[in-house]
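Listed below are the residues making up each chain.
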Amino acid sequence: MGLIDKGRAPKPLTWLLNYSRKYSLWMFQWGLACCAIEMGAALASPRYDMMRLGVIPFPASPRQADLVVISGTVTDKMAPAIRRLYEQMPDPKYVISMGSCANCGGPYWDSYSVTKGVDQIIPVDIYVPGCPPRPEALLQAIVMLQAQIQNEGIGNDQLQKRWRGEPVVIDDPHTAPVVLGPKPEPTAVPVV
Amino acid sequence: MSTTEMPSAPDFELERSAMRHLADAQMNVELDTGDMILNLGPQHPATHGTLRLVVRLDGERVIAADPVIGYMHRGYEKLTEFRTYPQITTLINRIDWLSSFANEVPFVHAAEQLMGIEAPARAQYIRTILTELSRIATFVLFLGEMGLQVGALTPAFYGFRDREHVLNLIEGATGGRFHPNFNRIGGLKDDLPWGWVSETRQVMQLVLDSCDQFEDLVVGNEIFLSRTRGIGIIPGDIGTAYGVSGSNLRASGVDWDLRRDGVPYLAYPDLDFKVWTHSAGDSFARYWVRLQETRESVRMVLQLLDGLPAGPVMAKVPRIIKVPEGEAWVETENPLGQMGYYVVSKGATGPFRVKIRSASFSNVSILPWLLRGVYVPDVVTILASLYFILGDIDR
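Residues numbered from 1 in each chain as written. Chains lettered and ligands numbered in written order. Predicted model: local features only at pLDDT ≥ 70, side-chain atom pairs only at ≥ 80, totals over all residues. Heavy atoms only, no water.

### Focus: unusual backbone geometry
Link 1 in the chain: In this structure, Pro132(A) follows Cys131(A) across a cis peptide bond, with omega equal to -15 degrees.
Link 2 in the chain: Residue position: Pro132(A) is located in the loop between strand S5 (126-128) and helix H6 (135-150).
Link 3 in the chain: Phi is positive for Tyr387(B), which is not a glycine, with a value near 55 degrees.
Link 4 in the chain: Summarising the element assignment, Tyr387(B) is placed in the loop between helix H15 (376-386) and helix H16 (390-394). (Helix = DSSP H or I, 4+ residues; strand = E, 2+ residues; numbered from the N terminus.)

The following block contains the structure:
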């Protein structure tokens, strides 16, 4: 795959690889709190059935996972474990932060023991709002993530660009154009 | 070892398992399997969240197990000091997230007791219905998940299917699928919507049918029986000493249910229901008791629907809720066990101090005693059958 290493994959090949990648997402479930039950409903209940979207929710270890769903309250005691398991996942890896607690602390915004947002410790691709979000909201997040993956370049420089924290723009006809990823840092004003 | 004579006594199973243990111990000595420390969790499917068990093993057997809690500690008791009373009901929903409505009830009762107001009869009845519905929603999930933990995937799907039916009802009445936040001090936010009662009757029939299905699929399954019978036995006196409550204690033969034996609350004194107990105290007994209690809850909901009184759902309360000085302790029978709130008020809009007694914390405290000497696969069974919620442990 010399071409890919150089970041110059032909377009049809990129499309094909991304297409295969987005429909075989191995999802590591990080069930923490209430949202874990809604995630369980999205995975295991016949009404929502996330597996029809090509998400396989049973990797034996984070080392086999492409995607992690942080669902629930992240406490300061839990944060090092989250960081460590995230680092064990192979690149390219994606993170969905599910629920207000994982997004920003939620109802525990003034608690002494809660981390106010999982994005303080790992980069997040999609935020799902709600307390807890309905399973449909998680399914929507998966669909958006798949659109994002389809739009990615697979060359090394593209991936590096992604992990430098630059925003990724989804250009999908089914969803409105959305800018994902961390907000761009405000450029520093040079001191004269 | 020379104790290999085949017994002819009827207690053949027990004898065989004793021999198996002896053979295992000999194997461990021969192979020199020293102590091994296994970290179960904090992220492990069997721990229902973020419980961490540090297990010391000798071969396949557990020598000592030490639960490490606090991975889900969100500081409820401190947070309640900075919230007003109506805000706290939003917060304490999320302690035991499987049965959110049942969490609100004791706190609202404590506040009502201090203010000297009482919710109207219709509100009490609707509260009881919703509490029992959340009990059903919790238990059908357990009935499925317990199968999952012993290796059967199918019951989990059935559990989630029935839970969806019940959650639909709760959402129809309260607007919230998971955390209703429907209780107000002095009553309820709204009356029941039109057509809800008849729909509830239909769903209760569905739940009864699926209880039969669980009985056929799981309780009658030979593998399930051999994985749960005689595993993780809690004697009644030891369970009481550790503060185990709820169905876990009733499965050990202790006939104690706060709905019947405690201070009368909600509409339970008007109801005719049976408290189920089982004498075995093992994992199977805990499953069986919860299965019967699900059916009993269905019967209670049907009784309540029949006797639903007319009238308002909200008492007269001041616009700004200020609770007079005083202390109140209210305990109720939550799906997971005894849940109580001790509220100290100094006359402000928020409480001075709230002490929360949650069921799972005490239920889990028996684990070091209970897990000593069991096999590693049985640890998973015992954890599943104790049925705790991490938010309820750590708060």
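Still more to cover.
### Things to note about the confidence of the model for chain B
All names here are of chain B.
Link 1 in the chain: Confidence along chain B averages 85 in pLDDT terms, with 90% of residues attaining 70 or more.
Link 2 in the chain: Note that residues 1-9 has pLDDT below 50 and, in this model, eight contacts with residues that lie over four places away or in other chains.
Link 3 in the chain: Here the predicted complex carries an ipTM of 0.77, next to a pTM of 0.81. (pLDDT = per-residue confidence, 0-100. Contact = heavy atoms within 4.5 Å.)

### What about the packing of helix H2 (residues 11-22) of chain A against H6(A)?
Residue and element names in this part refer to chain A.
Link 1 in the chain: For the pair H2 and H6, interaxial distance at closest approach is 8 Å and the crossing angle is 160 degrees. By the angle between their directions, the pair H2 and H6 is classed as roughly antiparallel. Once H2 is placed against H6, the crossing between them reads as right-handed. Residues Trp15, Asn18, Tyr19, Arg21 and Lys22 of H2 form the contact with H6, whose own contacting residues are Gln146, Ile149 and Gln150.
Link 2 in the chain: Its residues assigned to classes, the contact of H2 with H6 shows three nonpolar, three polar and two charged. (Axes fitted to C-alpha atoms, helices over the stretch in contact; angles between N-to-C directions. Parallel < 35°, antiparallel > 145°, perpendicular 65-115°, else oblique. Left-handed = near helix turned anticlockwise from the far one by under 90°. Nonpolar A, V, L, I, M, F, W, Y, C, P; charged D, E, K, R; others polar.)

### Digging into the pairing of strand S6 (residues 326-334) of chain B
Residues and elements named next belong to chain B.
Link 1 in the chain: As defined by bridge partners, S6 adjoins strand S7 (residues 337-345) across nine bridges and the pair is classed as antiparallel. For valine 330, the partnering residue across the bridge sits in S7 and is tyrosine 341.
Link 2 in the chain: Connecting S6 to the antiparallel partner S7 that follows it, the hairpin turn spans two residues. (Pairing = 2+ DSSP bridges.)

### Structural notes on the sheet that holds strand S1 (residues 35-40) of chain B
Residues and elements named next belong to chain B.
Link 1 in the chain: If you trace the three strands from one edge of the open sheet to the other, you get S1-S2-S3, paired in antiparallel fashion. Strands at the two margins of the open sheet, each flanked by one partner only, are S1 and strand S3 (61-68). Strand-to-strand, the axes of this sheet are offset by a mean angle of 20 degrees, without reference to chain direction.
Link 2 in the chain: As paired elements, S1 and strand S2 (residues 52-58) share six bridges and run antiparallel to each other. Its bridge partner lying in S2, isoleucine 37 is registered against arginine 56.
Link 3 in the chain: Against the sheet, H15 makes contact with S1, S2 and S3, and its axis sits at roughly 150 degrees relative to S2, the strand it touches most.

### With respect to empty space enclosed by the protein
Residues and elements named next belong to chain B.
Link 1 in the chain: With the rule as written, the count across this model stands at four cavities of 30 Å³ or more.
Link 2 in the chain: The calculated volume of the largest cavity comes to roughly 70 Å³.
Link 3 in the chain: Leu98, Ser99, Ser100, Phe101, Ser134, Ala137, Arg163, Leu167, Ile170, Arg177, Phe178 and Pro180 are the residues that line the largest cavity.
Link 4 in the chain: Among the secondary structure elements, those contributing two or more residues to the lining of the largest cavity are helix H4 (100-115), helix H5 (121-149) and helix H6 (154-174).
Link 5 in the chain: In terms of residue count, H6 provides more of the lining of the largest cavity than any other element does, three residues in total.
Link 6 in the chain: Across the lining of the largest cavity, the residue classes break down as seven nonpolar, three polar and two charged.
Link 7 in the chain: Size it by volume and the second largest cavity reaches roughly 50 Å³. (1 Å grid on protein atoms, 1.4 Å probe; cavity = no way out; pocket = protein on both sides within 12 Å on 5 of 7 lines; lining within 4 Å. Points joined across faces, edges and corners; volume = space filled by probe spheres on them.)

### As for the pattern of salt bridges
Residues and elements named next belong to chain B.
Link 1 in the chain: Summed over all chains, the structure comprises 27 salt bridges over all chains.
Link 2 in the chain: In this structure, the salt-bridge partner of arginine 127 is glutamate 112, at a minimum N-O distance of 2.9 Å. Here arginine 127, found in helix H5, pairs with glutamate 112, found in helix H4; they are 15 residues apart in sequence, far enough to count as distant. Side by side, arginine 127 and glutamate 112 carry an identical accessibility label, which is buried.
Link 3 in the chain: With a shortest N-O distance of 2.8 Å, aspartate 261 and arginine 260 are connected by a salt bridge.
Link 4 in the chain: Salt bridges linked by common partners bring Glu132, Arg135, Arg250, Asp257, Arg259, Glu293 and Glu333 together as one network. (Salt bridge = Lys/Arg side-chain N within 4 Å of Asp/Glu carboxyl O. Buried < 20%, exposed > 50% of the residue type's maximum accessible area, 1.4 Å probe, protein only.)

### So, the environment of Gly72(A)
Residue and element names in this part refer to chain A.
Link 1 in the chain: Within the element layout of this structure, glycine 72 appears in the loop between strand S3 (67-71) and helix H4 (79-88).
Link 2 in the chain: According to the relative accessible area criterion, glycine 72 is buried, its value standing at 1%.
Link 3 in the chain: Along the primary structure glycine 72 and isoleucine 37 are separated by 35 residues, whereas in three dimensions their C-alpha atoms are 9.6 Å apart.
Link 4 in the chain: Every residue in contact with glycine 72, bar those within four places of it in the chain, is listed here: Leu32, Ala33, Cys35, Met98, Cys101 and Ala102.

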